[in-house]
Amino acid sequence: MLTAPAGGSGAGPALSRFGLGTAAVGRPGYITLGRDLDLPAERTVEAMRQRTHTLLDAAYAAGVRYFDTARSYGRAEEFLGDWLDARPEAAAEVMVGSKWGYTYTTDWQSSGVPAHEVKEHSVAVFDRQVKETRALLGRRLHVYLVHSVTPDSPALTDPALHARLAELAAEGVRVGLSTSGPAQAETVRAALEVTAAGRPLFAAVQATWNLLEPSAGPALAEAHAAGWLVVVKEGMANGRLADRNATGPELAALRALASRAGTSCDALALAAAAAQPWADLVLSGAATPEQLASNLTAAELDLALPELAALASLGEPAEAYWRTRSALPWA
């Protein structure tokens, strides 16, 4: 069980080990394999709002108490804010994490655009986006992360930005970063050294860890030991570990173990992430209620050391994994 956000009252929202991310349903385009089969035929704003609310309802009913969103996830913050407004009893219990640093640029287009989002970790972007997030989520913001930090990001070196983030932390928001790319471990270790006014600045990280890309694990263990909230994203490798896509010979061990356990590949992949002793929360990125239900059966799986060792053989070199990810189409 996690504690309340840093600086809070100490009686904060109860959390389960699994959370729901809204990247796949807050905008019409994303890079999850097979997503075109999962969404409404007409991806209007209202259709996606309804899908998001349906997933939030299902997740909350199942016991999920952490919801993840971001400024760049289209209208996901708006959809989540609407849901919280309509369900005050849920709003009092859940923890909300969002991210700033990417600007959504496609005006609700899913293809044929030069870029779906533009990254900038500047004071000006923080000042603008934290106001936008607050306008949609109000004070129901518990975790605020710099989005997709890499070792060259000014988020690791800009003292003016650090001062702004420290002010937000003083208000009771847990400030942190999300990571991406083959140098996630380097990024996390650099962030562990960042201070503001002589005190550690960051207290949370959301990182990619999955059976294909486990390279950040040791650094995430160090963050956990330092008291950070550690959230796992992309536990299914953008759909590569879903049953319908886990078809190649390189994933034979995953399919075989799932078959022996009478479970799905997605549940097994998420259970492997939850089995990491440093993982506080593991996100589902489900786009349908059926996917969410399957994902959450991961909570019923208790993987033993031999099973985890067998699954460890699936890991790819980090550089190769991220090359593959960068080539996934937006759909």
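Residues numbered from 1 in each chain as written. Predicted model: local features only at pLDDT ≥ 70, side-chain atom pairs only at ≥ 80, totals over all residues. Heavy atoms only, no water.

(A) Just the overall build of the protein chain, in detail. A tally of helices and strands in the protein chain yields 12 helices and 12 strands. In terms of overall size, the protein chain behaves like a compact globule, its C-alpha atoms giving a radius of gyration of 19 Å where 331 residues would be expected to give roughly 20 Å. Structurally, the protein chain occupies a C-alpha span of about 50 × 45 × 40 Å along its principal axes. Counting across all 331 residues of the protein chain, residues that qualify as buried make up 55%. (Helix = DSSP H or I, 4+ residues; strand = E, 2+ residues; numbered from the N terminus. Rg over C-alpha atoms; globule rule 2.2 N^0.38 Å. Buried < 20%, exposed > 50% of the residue type's maximum accessible area, 1.4 Å probe, protein only.)

(B) Quick peek at the confidence of the model for the protein chain. Looking at the protein chain, the pLDDT average stands at 92 and 94% of residues meet or exceed 70. For residues 1-15, every residue scores under 50 in pLDDT, and the model assigns this stretch 33 contacts once sequence neighbours within four places are set aside. (pLDDT = per-residue confidence, 0-100. Contact = heavy atoms within 4.5 Å.)

(C) Quick look at the pattern of salt bridges. Following the criterion strictly, the structure yields 19 salt bridges and no others. One salt bridge connects E234 with R325, and the closest N-O pair in it is separated by 2.5 Å. Here E234, found in the loop between β11 (229-233) and α8 (252-261), pairs with R325, found in helix α12 (residues 318-326); they are 91 residues apart in sequence, far enough to count as distant. Owing to a relative accessible area of 14%, E234 belongs among the buried residues under this scheme. (Salt bridge = Lys/Arg side-chain N within 4 Å of Asp/Glu carboxyl O.)

(D) A look at the sheet that holds strand β10 (residues 204-208). Sheet architecture is closed into a barrel: 8 strands sit in the order β1-β2-β3-β6-β7-β10-β11-β12, paired in parallel fashion. Recorded for the sheet is a direction-independent mean angle of 25 degrees between the axes of neighbouring strands. With 3 bridges connecting them, strand β1 (residues 18-21) and strand β12 (residues 281-284) associate as parallel partners. Paired with F18 across the two strands is V282, which belongs to β12. (Pairing = 2+ DSSP bridges. Axes fitted to C-alpha atoms, helices over the stretch in contact; angles between N-to-C directions.)

(E) Expanded view of α12. Every buried residue of α12 is accounted for by A318, Y321 and W322. The buried residues of α12 all sit within an arc of 90 degrees when viewed along its axis, so they share a single face. (Arc of directions from axis to C-beta.)

(F) Just the packing of helix α1 (residues 45-62) against helix α10 (residues 289-296), in detail. Running from N to C, α1 and α10 point in directions that differ by 25 degrees, and their axes come no closer than 10 Å. One finds that α1 runs roughly parallel with respect to α10. Of the two elements, α1 crosses α10, and the hand of that crossing is right-handed. Between α1 and α10, the residues in contact are T54, L55, A58, A59 and A62 and P289, L292 and L296, respectively. Partitioned by chemical class, the residues of the contact of α1 with α10 number 7 nonpolar, 1 polar and no charged. (Parallel < 35°, antiparallel > 145°, perpendicular 65-115°, else oblique. Left-handed = near helix turned anticlockwise from the far one by under 90°. Nonpolar A, V, L, I, M, F, W, Y, C, P; charged D, E, K, R; others polar.)

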